[in-house]
Amino acid sequence: MALPSIIFASNNLHKANEIRAVLADLLSIQTLKEAGILIEIPEPHDTLEANASEKSGVINKLSGKNCFSEDSGLEVEALQGEPGVKSARYADNEPHYKNNIDKLLQKIKAVTDRTARFRTVISLQLDGQEYFFEGVCNGRITYTEKGEEGFGYDPVFIPDGASKTFAEMGMDEKNIYSHRKKATEKLVTFLKDYYDKN
Ligand code: IMP
């Protein structure tokens with residue numbers, strides 16, 4: 001059975017494309033722009049969970065429709081989880097991928113333990129209830145940037161089990177390891193079960 005289409009409360013096309021690659025024919029999503037909702041939603045909180053909830057809550061109230069959002073961050077062990085929830089605006093007030101990477105590499109240039117993880121939290125607003133799903137991808141930070149694909153910190157992150165950065169992988173290869181993919185799969189499993197029962 002096809003699942004009802006749902007709004008993905010984001011304007012980030014990289015994220016939407018990665019999620020669509022995981023969903024294939026199982027579930028169709030509309031980005032905010034595709035749903036005709038032209039706003040930037042703030043991320044004022046200090047946890048991924050609270051920011052994800054803010055985004056899905058705002059869109060749910062505005063549209064009156066079921067929707068989901070996600071918030072993701074890179075957590076570096078040697079920096080006690082930094083940049084974490086501040087990943088998008090680590091270097092500047094404006095989101096700037098290159099400056100963020102430069103700041104990160106500079107901060108850990110003398111650190112040999114490069115352990116890090118990406119974490120995604122999805123917040124789903126469904127028929128008046130909120131549900132959360134988490135996905136984690138463990139890996140390490142490189143010393144230099146490699147690759148042109150993807151976005152954000154992809155050029156400096158190698159997932160465990162791989163020998164190249166996310167930015168050296170196509171989307172399907174990134175999705176073998178991806179934090180976002182793991183959280184999205186949990187969302188789909190939940191929705192299938194929910195609509196089977198309701
Ligand atoms: P947000 O979830 O839109 O707040 O984005 C958080 C930030 O984390 C992004 O701007 C990226 O810098 C970074 N980020 C999140 N997911 C990924 C990813 O899959 N690859 C690389 N960077 C990511």
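Residue indices follow the written sequence of each chain, beginning from 1 at its first position. Per-residue local features of the predicted model are confined to residues with pLDDT of at least 70, and side-chain atom pairs are confined, for both listing and counting, to 80 or more; whole-chain, interface and lining totals are unaffected and use all residues. The side-chain numbers reported here are obtained from all heavy atoms of the structure, hydrogens and water having been left aside.

Asker: Can you lay out the site of the ligand for me, pointing to particular residues and giving the numbers?
Answerer: Proximity is defined per residue: any heavy atom of the residue falling within 4 Å of a molecule or strand makes that residue near it. Around the ligand, the surrounding shell holds 16 residues, and the nearest of these are Lys15, Glu43, Asp154, Lys174 and Arg180. In the model, an oxygen atom of the ligand is placed 2.9 Å from a nitrogen or oxygen of the Ser72 main chain. Polar contact is the term for a pair of N or O atoms within 3.5 Å; when the atoms are in protein, one must be able to donate a hydrogen and the other to accept it, and sequence-neighboring residues count only if both atoms are side-chain atoms. Here Arg180 contributes a side-chain N or O atom positioned 2.7 Å from a nitrogen atom of the ligand. Relative to its free-state accessible area of 480 Å², the ligand is covered by the protein chains to the extent of 95%. Elements are defined by DSSP. Helices are runs of H or I of four residues or more, strands are runs of E of two residues or more, and each kind is numbered from the N terminus. When residues of the shell around the ligand are traced back to their parent elements, those giving at least two are β3 (67-76) and α5 (179-197). No other element matches β3, which puts three residues into the shell around the ligand. Residues are grouped as follows: nonpolar covers Ala, Val, Leu, Ile, Met, Phe, Trp, Tyr, Cys and Pro; charged covers Asp, Glu, Lys and Arg; every other residue, Gly included, is treated as polar. For the shell around the ligand, the per-class residue count stands at five nonpolar, four polar and seven charged. Only the protein chains shown count as covering a residue, and every accessible area follows the Shrake-Rupley method with a 1.4 Å probe.

Asker: An account of the sheet that holds β3 is requested, with residue identities and associated values reported.
Answerer: Spatial ordering of the open sheet is given by β2-β1-β3-β4-β5-β6, a layout of six strands whose pairing is mixed. Every other strand in the sheet has two partners, leaving β2 (29-30) and β6 (157-159) as the edge strands with one partner each. Strands β1 (6-8), β3, β4 (115-126) and β5 (129-141) of the sheet are contacted by helix α2 (residues 48-63), whose axis makes an angle of about 160 degrees with β3. Pairing between two strands requires that DSSP report at least two bridges joining them. By the convention used here, residues are in contact when the closest approach between their heavy atoms is within 4.5 Å. Under this scheme, a helix contributes an axis fitted over its contacting stretch, all axes are lines through C-alpha atoms, and angles between N-to-C directions fall in the 0 to 180 degree range.

Asker: Go over the packing of aromatic side chains, please, and point to the residues and values.
Answerer: Aromatic contacts are taken between Phe, Tyr and Trp rings whose centres are within 6.5 Å, Trp giving its six-membered ring; a plane angle under 30 degrees counts as stacked, one over 60 as edge-to-face, and the others as tilted. A full pass over the atoms with the stated rule returns nine aromatic pairs. Grouping aromatic residues by their ring pairs yields a cluster made of Tyr131, Phe133, Phe190, Tyr194 and Tyr195. Sitting over the ring of Tyr90, Lys103 keeps its end group 4.4 Å from the ring centre. Should the NZ of a Lys or the CZ of an Arg lie within 6 Å of a ring centre and within 35 degrees of the ring normal, that charge is described as sitting over the ring. The cationic tip of Lys174 hangs over the ring face of Phe166; the distance from NZ or CZ to the ring centre is 5.0 Å.

Asker: So what's going on with the pattern of salt bridges? Residues and values would help.
Answerer: When a carboxyl oxygen of Asp or Glu is within 4 Å of a side-chain nitrogen of Lys or Arg, the pair counts as a salt bridge. In the structure shown here, the tally under the stated rule is 18 salt bridges. Between Lys55 and Glu43 there is a salt bridge whose closest N-O contact spans 2.8 Å. With Lys55 in helix α2 and Glu43 in the loop between β2 and α2, the pair connects residues that are twelve residues apart, well separated along the chain. Residue Lys55 is classed as buried on the basis of its relative accessible area of 6%. With a 1.4 Å probe rolled over the protein chains alone, any residue whose accessible area is under 20% of its type maximum counts as buried; one over 50% counts as exposed, and the rest are partly exposed.

Asker: I'd like a rundown of the side chain of Ser178, residues and numbers included.
Answerer: In this structure, Ser178 sits in the loop between α4 (171-177) and α5. Its relative accessible area of 0% is what places Ser178 among the buried residues. At 3.1 Å, the side chain of Ser178 forms a polar contact with the backbone nitrogen of Lys181. Aside from chain neighbours lying at most four places away, what touches Ser178 is Glu18, Cys137 and Phe166.

Asker: Could you give an account of the packing of helix α1 (residues 13-23) against α5, naming the residues involved and the relevant values?
Answerer: Packing of α1 against α5 brings their axes to within 10 Å, and their N-to-C directions diverge by 55 degrees. When the axes of α1 and α5 are compared, the pair comes out oblique. The way α1 lies across α5 gives a crossing that is right-handed. Counted together, Lys15, Glu18, Ile19, Val22 and Leu23 of α1 and Arg180, Lys181, Thr184, Glu185 and Val188 of α5 form the full contact between these two elements. Looking at side-chain class alone, the contact of α1 with α5 contains four nonpolar, one polar and five charged residues. In this scheme, roughly parallel covers angles under 35 degrees and roughly antiparallel covers those over 145, while 65 to 115 is roughly perpendicular and the rest are oblique. Whether a crossing is left-handed or right-handed is set by the direction in which the near helix is turned from the far one by less than a right angle, anticlockwise for left-handed and clockwise for right-handed.

Asker: Please set out unusual backbone geometry residue by residue, giving values where relevant.
Answerer: Here the bond from Glu82 into Pro83 is cis, since omega is -5 degrees, no more than 30 degrees from zero. Residue placement: Pro83 occurs in the loop between β3 and α3 (97-107). One non-glycine residue, Gln80, adopts positive backbone phi at about 50 degrees. Structurally, Gln80 can be placed in the loop between β3 and α3. Using a relative accessible area of 70% as the deciding quantity, one classes Gln80 as exposed. Positive phi outside glycine occurs at Asp127, with the angle close to 50 degrees.

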